[in-house]
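# An overview of the molecular structure
Each chain is listed here by its residues.
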Amino acid sequence: MAHVDLRLLDETLNATGQPAFRARQVWRWAARGATGYEAMTDLPAGLRDRLAAEVPFSSLALEREARSADGTVKALFRTGDGRAVEAVLMRYRDGRRSVCVSSQSGCPLTCTFCATGTMKFGRNLTASEILDQVLHFRRIEPVDHLVFMGMGEPMMNLDHVLDASRRLPEVGITHRRTGISTVGWVPGIRRLTESDLPIRLALSLHAPEDALRTQIMPVNDRYPLEEVLAACAEHYERRRRQVFVEYLMLAGVNDAPPQARRLAELLDPRIYKVNLIPYNPTGTGYEGSSRAAIATFRAVLEEHGLRATVRLTCGQDIDAACGQLAARAA
Ligand code: SAH
C-alpha cells in the first residue's frame, strides 16, 4: 500500500503481531512523500528493517523518466509481472501540479488516433499500482490535481479507480480535483453518478456525429452518441457538476467549421464545457489541426454560447502523449 502491496503489508504486519494502526501509519508516511521505510521514524527500527526486506516499497519499478523543457515529467514503470505503465506530472505556471495516471496497461479499445490503442491490452491495474504512480511524483513535490487520462479506459476498471481515488485526499488531491476521462463507457458513467465521490466526469467526444465517431472510436458502435450524452446529462442532473468534453483536433477529419456548428447543436452549454486538444502526433497517420483551424473552431463554439478552451500542450519534446513511451518501449 505505500503503495506497497496492501495485502502483503497487512500479512507481514499480522505475522509480526503488530497493532492494527501500523498499516495506517505506513500509508500516512507514504502519502506525504516518504522515500522508504527507513524514513518512518515512529515505527520500531526492527519493523522498518523487516518491512524493507519483505514488502517492496512500491508495486512499480521505474524504468525510464523523461523531463521536458517545460517542466513536464513523464515516467515509464513496470509492474511486478512486467507490464508497462506510464504517468505524467504536469506543472502549470499558476502553480498547479497535476498528475495524469494510467488505469490499465495497454487498452482494449482501439481508438485509431491513440498510441495506446495500437498496443496489445495487458490488464487492469490494481489500486496500489494506480496509487504508486501518484506517490512516485509526490516524492518529487506536492501534487494537487489528478486526471485518469493515461493509458487505458478507467470506466472498465472502475472499482480499482475508485478505491485508489478514496486515498487521494491524504496525498493532497481532493475528489473535486480528481477527474475521470472516458470514451463514453455508459455503465461506468452511471456508476460514477451513483458513487459517493464528487469526481469530475470528462468525456472524450472527438466527433459530432455517429458515423465519424465510430470510424475513429470503434467503441461508439456499442455506445452511440445519443446514449452517451443521455448518461452525461443524467450525471449533470444528479451531481450538478459540469461535464468536460474533450475534443481532439485532427486535421481534415473533425476540425471543419460545419462540424463545430454540429457540435454546438449537440451540446447543452449548461451541462458541457469543451476542451479542444491539439493532437500530439503518434505515428498513427493523423495530423494535428493548425492553430488557425483550432481558433476558428473555438470561435464557432463560442458564438453558439458553448464555453471552449484550448488545452495547453505539455511535454511534446518527450513523447508525453497517451501511450507514446510504452508503445516505443514495447
Ligand atoms: N480512455 C480514456 C482515458 C485515456 S485517453 C479516454 O479516452 O478518455 C485520455 C485522452 O487523451 C483522451 O481524450 C484521448 O482521446 C486523448 N488522446 C489520445 N491520444 C492522443 C494524442 N496523440 N494526442 C492528444 N490527445 C490524445
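Residues numbered from 1 in each chain as written. Predicted model: local features only at pLDDT ≥ 70, side-chain atom pairs only at ≥ 80, totals over all residues. Heavy atoms only, no water.

Applying the stated criterion across every chain, the model contains 19 salt bridges. The closest approach of N and O atoms between Glu63 and Arg78, which form a salt bridge, is 2.6 Å. Pair noted here: Glu63 is in strand β1 (residues 60-67) and Arg78 is in strand β2 (residues 73-79), with a separation of 15 residues, a long-range link. Among the residues examined, Glu63 registers a relative accessible area of 39% and is labelled partly exposed. Among the ionic pairs, Glu86 bridges to Lys74, the shortest N-O distance being 3.4 Å. Remark: Lys74 occurs in strand β2 and Glu86 occurs in strand β3 (residues 84-91); sequence separation between them is twelve residues. In this structure, Glu86 and Lys74 share a single accessibility class: buried. Taken together, the salt bridges that share partners define one network made up of Asp81, Arg83, Arg123 and Glu129. (Salt bridge = Lys/Arg side-chain N within 4 Å of Asp/Glu carboxyl O. Helix = DSSP H or I, 4+ residues; strand = E, 2+ residues; numbered from the N terminus. Buried < 20%, exposed > 50% of the residue type's maximum accessible area, 1.4 Å probe, protein only.)

The next point concerns the domain arrangement of the protein chain. A common way to state how big an interface is: give the accessible area lost once the parts meet. Each domain of the protein chain was delimited in the assignment, giving domain 1 (6-54) and domain 2 (60-329). Residue-level contacts link ten residues of domain 1 with eight residues of domain 2. Here domain 1 packs against domain 2, burying approximately 820 Å² in sum over the two surfaces, 53% of which is carbon and sulfur. Counting across the domain 1 and domain 2 interface gives one salt bridge. In this structure, the connection of domain 1 to domain 2 is made through three residue pairs in polar contact (both at pLDDT 80 or more). The class makeup of the residues in the side of domain 1 that touches domain 2 is five nonpolar, two polar and three charged. (Domains from an automatic or database assignment. Contact = heavy atoms within 4.5 Å. Buried area = accessible area lost by both parts, 1.4 Å probe. Polar contact = N/O pair within 3.5 Å; in protein donor to acceptor, adjacent residues only side chain to side chain. Nonpolar A, V, L, I, M, F, W, Y, C, P; charged D, E, K, R; others polar.)

A word on the sheet that holds strand β10 (residues 243-249). One open sheet holds the ten strands; their spatial order is β1-β2-β3-β4-β7-β8-β9-β10-β11-β12, and the pairing between them is mixed. Sheet topology places β1 and β12 (308-310) at the edges, where each strand pairs with a single neighbour. Neighbour to neighbour, the strand axes of the sheet diverge by 20 degrees on average, direction disregarded. Note: β2 against β3, six bridges, orientation antiparallel. When the bridges of β3 are listed, Val73 appears paired with Leu89. (Pairing = 2+ DSSP bridges. Axes fitted to C-alpha atoms, helices over the stretch in contact; angles between N-to-C directions.)

This part takes up the pairing of strand β4 (residues 97-100). When β3 meets β4, the two strands line up antiparallel, connected through four bridges. By the bridge assignment, Arg91 is partnered in β4 with Arg97. Joining the antiparallel neighbours β3 and β4 is a turn of five residues, in which Gly95 adopts a positive phi near 100 degrees. Strand direction decides the pairing type here: β4 and strand β7 (residues 145-148), joined by three bridges, are parallel. Looking at β7, one finds that Val99 is bridged to Leu146.

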